[in-house]
Amino acid sequence: MTNISKSLVEWYSRYKRDLPWRETKNPYHIWVSEIILQQTRVNQGFNYYYRFIDKFPDIKSLAFSNIDDLLKIWQGLGYYSRARNMHFTAQDIINNYDGEFPSDYSELIKLKGIGDYTASAIASISFNQATPVLDGNVFRVIARIYGISESTQRNAGKKHFKKILQEIIPDENPGTFNQAIMEFGALQCTPKNPDCENCILKSVCFAYTNNMVAELPLKKQKITQRIRYFNYIYIIYKDFTFIEKRTNNDIWKLLYQLPLIETENKVSIENLEKTQEWNQLFEGLEPEIDINFYKKKHILSHQILVTHVYKVRINTMNDFLLNNYLKIYMSTLPKYGIPKLLENYLKVANK
DNA sequence: ATCCCGTCCG
DNA sequence: CGGACGGGAT
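As the structure is a computational prediction, the values presented were derived from the model and not from experiment.

According to the domain assignment, chain A consists of domain 1 (3-209) and domain 2 (226-349). Each of domain 1 and domain 2 was reduced to a C-alpha centroid, and the two centroids are 37 Å apart. Counting from both sides, the interface comprises nine residues of domain 1 and, opposite them, 14 residues of domain 2. Both sides of the domain 1 and domain 2 interface together cover about 910 Å² of buried area, and 54% of this is carbon and sulfur. There are one salt bridge connecting domain 1 and domain 2.

Considering all chains together, one arrives at zero disulfides under this definition. Of all cysteine sulfurs, the one in Cys 189 lies closest to Cys 205, which takes part in no disulfide; the gap is 6.4 Å. For Cys 205, a relative accessible area of 11% gives the class buried.

The subject of this paragraph is the pairing of strand E6 (residues 303-314). Burial within E6 is extensive, with 11 of its 12 residues counted as buried. Bridge count between strand E1 (residues 226-237) and E6: 12 bridges; the pairing is parallel. Its bridge partner being in E6, Tyr 237 is matched across the sheet by Ile 314. Summarising the sheet, strand E5 (residues 288-299) and E6 pair through nine bridges and their orientation is antiparallel. The partner of Phe 293 across the bridge, within E6, is Tyr 310. Between E5 and the antiparallel strand that follows it, E6, lie three residues.

Here we take up the nonpolar core. Counting 59 residues, the largest nonpolar core has Trp 31 and Phe 52 as its most contacted members. Sort the elements by how many residues they give to this core and helix H2 (residues 27-37) lands first, with six residues. Inspection of this core shows a minimum of three residues originating in each of domain 1 (3-209) and domain 2 (226-349). Among all residues touching Phe 52, those that are not within four sequence positions of it are Tyr 28, Val 32, Ile 36, Leu 62, Leu 70, Ile 73, Trp 74 and Met 86. Among the nonpolar cores identified, the runner-up in size contains 33 residues, and Phe 139, Ala 143, Met 182 and Leu 216 belong to it.

Before going further, it helps to spend a moment on the pairing of E1. Within E1, 10 of the 12 residues are buried, leaving the element largely enclosed by the surrounding structure. Summarising the sheet, E1 and strand E4 (residues 260-263) pair through four bridges and their orientation is antiparallel. Among the inter-strand pairings, Phe 230 is bridged to a residue of E4, identified as Glu 262.

The next point concerns the protein's contact with DNA strand B. Close contacts around DNA strand B come from 22 residues, with Gln 39, Gly 113, Thr 118, Asp 135 and Lys 220 the closest. Taken together, the elements giving at least two residues each to the surface near DNA strand B come down to helix H8 (116-127) and helix H9 (136-146). If you tally residues by element for the surface near DNA strand B, the top one is H8, at three residues. By residue class, the composition of the surface near DNA strand B is five nonpolar, nine polar and eight charged.

Now for the pattern of salt bridges. Following the criterion strictly, the structure yields 11 salt bridges and no others. The closest approach of N and O atoms between Glu 167 and Lys 163, which form a salt bridge, is 3.4 Å. Here Lys 163 and Glu 167 lie together in helix H10 (residues 155-168), a separation of four residues that amounts to about one turn. You'll find Glu 167 and Lys 163 in the same group, each marked exposed. Notably, a salt bridge pairs Arg 228 with Glu 262, separated by 2.9 Å at the nearest N-O pair. Taken together, the positions of Arg 228 in strand E1 and Glu 262 in strand E4 put the pair 34 residues apart, joining distant regions of the chain.

Looking at the secondary structure, you find Lys 55 in helix H3 (residues 42-55). Judged by relative accessible area, which is 44%, Lys 55 ranks as partly exposed. Taking the C-alpha atoms as reference points, Lys 55 and Ser 65, 10 residues apart in sequence, are found 9.5 Å from one another. Lys 55 has contacts with Asp 69 and Ile 73, leaving out every residue within four places of it along the chain.

Bringing helix H16 (residues 340-349) into the picture now. All buried positions along H16 are accounted for by Leu 341, Leu 342, Tyr 345, Leu 346 and Ala 349. The arc that holds the buried residues of H16, viewed along the axis, is 125°, so those residues lie on one side. Those residues of H16 that are buried lie in contact with E1, strand E3 (256-257), E5 and E6.

Our focus in this paragraph is the side chain of Gln 179. Within the secondary structure, Gln 179 is located in helix H11 (residues 174-187). Apart from the residues within four sequence positions on either side, Gln 179 is in contact with Tyr 12, Arg 22 and Ile 125.

With 100% of its residues at a pLDDT of 70 or more, chain A shows a mean pLDDT of 92. In the model of chain A, H10 stands out as the element of lowest mean pLDDT, 89, in contrast to strand E7 (residues 326-329), which has the highest, 97.

What counts and what doesn't
Residues numbered from 1 in each chain as written. Chains lettered and ligands numbered in written order. Predicted model: local features only at pLDDT ≥ 70, side-chain atom pairs only at ≥ 80, totals over all residues. Heavy atoms only, no water. Domains from an automatic or database assignment. Contact = heavy atoms within 4.5 Å. Buried area = accessible area lost by both parts, 1.4 Å probe. Salt bridge = Lys/Arg side-chain N within 4 Å of Asp/Glu carboxyl O. Disulfide = S-S within 2.5 Å. Buried < 20%, exposed > 50% of the residue type's maximum accessible area, 1.4 Å probe, protein only. Helix = DSSP H or I, 4+ residues; strand = E, 2+ residues; numbered from the N terminus. Pairing = 2+ DSSP bridges. Core = buried A, V, L, I, M, F, W, Y, C linked by side-chain atoms within 4.5 Å. Near = heavy atom within 4 Å. Nonpolar A, V, L, I, M, F, W, Y, C, P; charged D, E, K, R; others polar. Arc of directions from axis to C-beta. pLDDT = per-residue confidence, 0-100.

See below:
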């Protein structure tokens, strides 16, 4: 065990946070926690983890669950493909692995939704394999300590980081080492303003000794955001409203939403009423539009959604609504998994 | 504004 | 290999 590994593990035993998934080696629990924690901060993932395990305590309950129920649990967490892939993989494990989680990295990585990071995490934590994890935290820690200015965007860069990690990961308790270096990145070696003066590794850290902490790791180039215009319509018909399921390969796939008219540009309600979609929606009806409407810019990593939600009351229905949307009691809306944007809206609208 | 940097898909 | 995929925290 190298000095650096030893320092990290000792630091970890002293400063680690108590987290529910750290009390187990059960691969199912580790899997659930690792998937939730991808792209998600620990604090945010906490309650999702509890709800998930409560609702789906084992692989079997997940495999036989309804995807709608799973997405309801996942609502607001984002990256919904994670939930869809988990559902698929749970069934895959029941059908093709006798319901037993594979115990080897090479098998784990074949599963849908499990890539290099998650396969390494499960293999090391649950099955004691010395497979180093490389996530954003580890990337930062290694880049700074060893002074690596390569990007992990490219395979060559990733290999370099992996090679270093493979050399310092101990054979004994590799899972603890993996968690230690990630926790160190999350708490000590933070992206901004890390507390280097009080760091146990400052004497061996390349970035610190060369005054390059701000420059390492290499910054990711930012992506351009596409602007989209979403006009949602909250239709009220007696005690009912109308929703639809998003099935295209687009954001929020398999989540539910209010009737949507997406436009090329920002449109006023007057111009929205002139669109073909609007006229189809309300053909033969006399929609009463609430003069108050909801307006919000919803920012995603890769899209900016300029959103309006209009509340519209109708007294009769037409075939188009009945054929293309789900007519549901408004009171049952909370049962459906919907995008955060609409969740936020409904909180205001139903007040 | 910048961080999440994981995985899949085309 | 490059782009798509959410939403919150800081």
